[in-house]
Amino acid sequence: RKSPLPLMLVGIGLIVIAVAFVIFLPKSGDDSASVPGEVPASVPGEMNYPAPPLILTDMQDQSVSLADYKGKWVLVNNWATWCPPCRAEMPELNAFYEAHKDEGFVLIGVSSGDTKTQIENFIQEYRLSFPMWQDPTSASLRAFRMDYLPSSFVIDPSGTVRLAWTGAVSLATLEEYITPLMRD
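Residues numbered from 1 in each chain as written. Predicted model: local features only at pLDDT ≥ 70, side-chain atom pairs only at ≥ 80, totals over all residues. Heavy atoms only, no water.

(A) Here's a closer look at helix 3 (residues 116-126). Within the span of helix 3, buried status applies to I119, F122 and I123. Angularly, the buried residues of helix 3 cover 100° about the axis, an arc narrow enough to put them on a single face. The exposed residues of helix 3 that point more than 90 degrees off its buried face are Q124 and E125. Two residues or fewer past helix 3, R127 is found with a positive phi of approximately 55°. (Buried < 20%, exposed > 50% of the residue type's maximum accessible area, 1.4 Å probe, protein only. Helix = DSSP H or I, 4+ residues; strand = E, 2+ residues; numbered from the N terminus. Arc of directions from axis to C-beta.)

(B) Broad picture of the pairing of strand 6 (residues 132-135). In strand 6, alternate side chains face the same way, and those of M132 and Q134 on one face and W133 and D135 on the other are all buried. Direction of pairing for strand 2 (residues 55-58) relative to strand 6: antiparallel, over a ladder of 2 bridges. Residue pairing in the sheet places D58 in a bridge with W133 of strand 6. Chirality of the crossover, the property in question, places the unit of strand 5 (residues 105-112), helix 3 and strand 6 among those that are right-handed. (Pairing = 2+ DSSP bridges. Right-handed = clockwise from strand over helix to strand, strands pointing away.)

(C) Region of the structure containing the nonpolar core. Counting 27 residues, the largest nonpolar core has L75, F105 and I178 as its most contacted members. If you list the elements that add at least two residues to this core, you get strand 4 (73-79), helix 2 (84-100), strand 5, helix 3, strand 8 (160-166) and helix 5 (171-183). Apart from residues no more than four positions distant in its own chain, I178 is found in contact with L75, F96, F105, V154, L163, W165 and T173. Core analysis: the next-biggest nonpolar cluster, separate from the first, contains 18 residues, Y69, V76, L141 and F144 among them. (Core = buried A, V, L, I, M, F, W, Y, C linked by side-chain atoms within 4.5 Å. Contact = heavy atoms within 4.5 Å.)

(D) Here's a closer look at the environment of F144. Inspection of the secondary structure assignment puts F144 in the loop between helix 4 (139-143) and strand 7 (151-155). The residues touching F144, leaving out its near neighbours within four places in the chain, are Y49, P52, L54, L66, V76, N78, F153, I155 and V161.

(E) Here's a closer look at the side chain of T160. Summarising the element assignment, T160 is placed in strand 8. In this structure T160 comes out as buried when scored by relative accessible area, which is 16%. At a separation of 3.2 Å, a polar atom in the side chain of T160 contacts the side chain of S158. (Polar contact = N/O pair within 3.5 Å; in protein donor to acceptor, adjacent residues only side chain to side chain.)

(F) Structural view of the packing of aromatic side chains. Taken as a whole and judged by the stated rule, the model has 6 aromatic pairs. Centroid distance Y97 to F130: 6.1 Å. Interplanar angle 75°. Geometry classified as edge-to-face. With Y97 in helix 2 and F130 in the loop between helix 3 and strand 6, this residue pair connects regions lying 33 residues apart in the sequence. Under the relative-accessibility criterion, Y97 is labelled buried at 12%. Geometrically, the ring pair formed by F144 and F153 is stacked, given 4.1 Å between the ring centres and 15° between the ring planes. Residues F144 and F153 agree in their burial class; the two are buried. Grouped by ring-pair contacts, the aromatic residues W79, F122 and Y126 constitute a single cluster. (Phe/Tyr/Trp six-rings, centres within 6.5 Å; stacked < 30°, edge-to-face > 60°.)

Take a look at the structure:
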């Protein structure tokens with residue numbers, strides 16, 4: 001007759017391993033780097049490709065193009081009024097824009113699929129000061145080959161996409177990744 005001790009030890013070992021996993025693995029959606037009340041932020045990936053040709057309409061119904069901003073640092077943020085992470089990141093984006101607009105930085109919000117009235121109401125509600133473009137057919141998402149909102153792209157003064165990410169962004173992340181690029 002065999003002793004049950006080896007089987008019990010294996011069982012206890014498995015329980016200890018399971019408890020360790022529960023204690024030490026981050027929870028789904030947990031962002032240990034975030035501060036309570038802050039927007040959980042995505043980390044941008046480094047890119048190196050020409051910005052796509054993109055011509056849309058601004059809020060004054062004037063035709064505008066990314067090419068109009070050559071020579072400046074540009075952050076293109078694709079968003080929509082119905083998108084919760086988009087709504088959450090807007091104050092952070094506006095704060096970064098306000099802090100850096102005098103340094104040759106432009107933030108362009110591209111509203112994907114919203115009406116002009118929806119965008120105007122959103123701008124007023126969030127007190128946004130950066131340029132906003134209308135994109136009723138989601139042309140910007142196609143131009144950047146992106147299917148997710150929010151999505152953001154940093155374009156350098158030569159017209160090269162340098163950073164890209166999907167998901168909400170925080171002011172701290174913007175300062176960490178974009179500000180050093182602008183100062184190089």
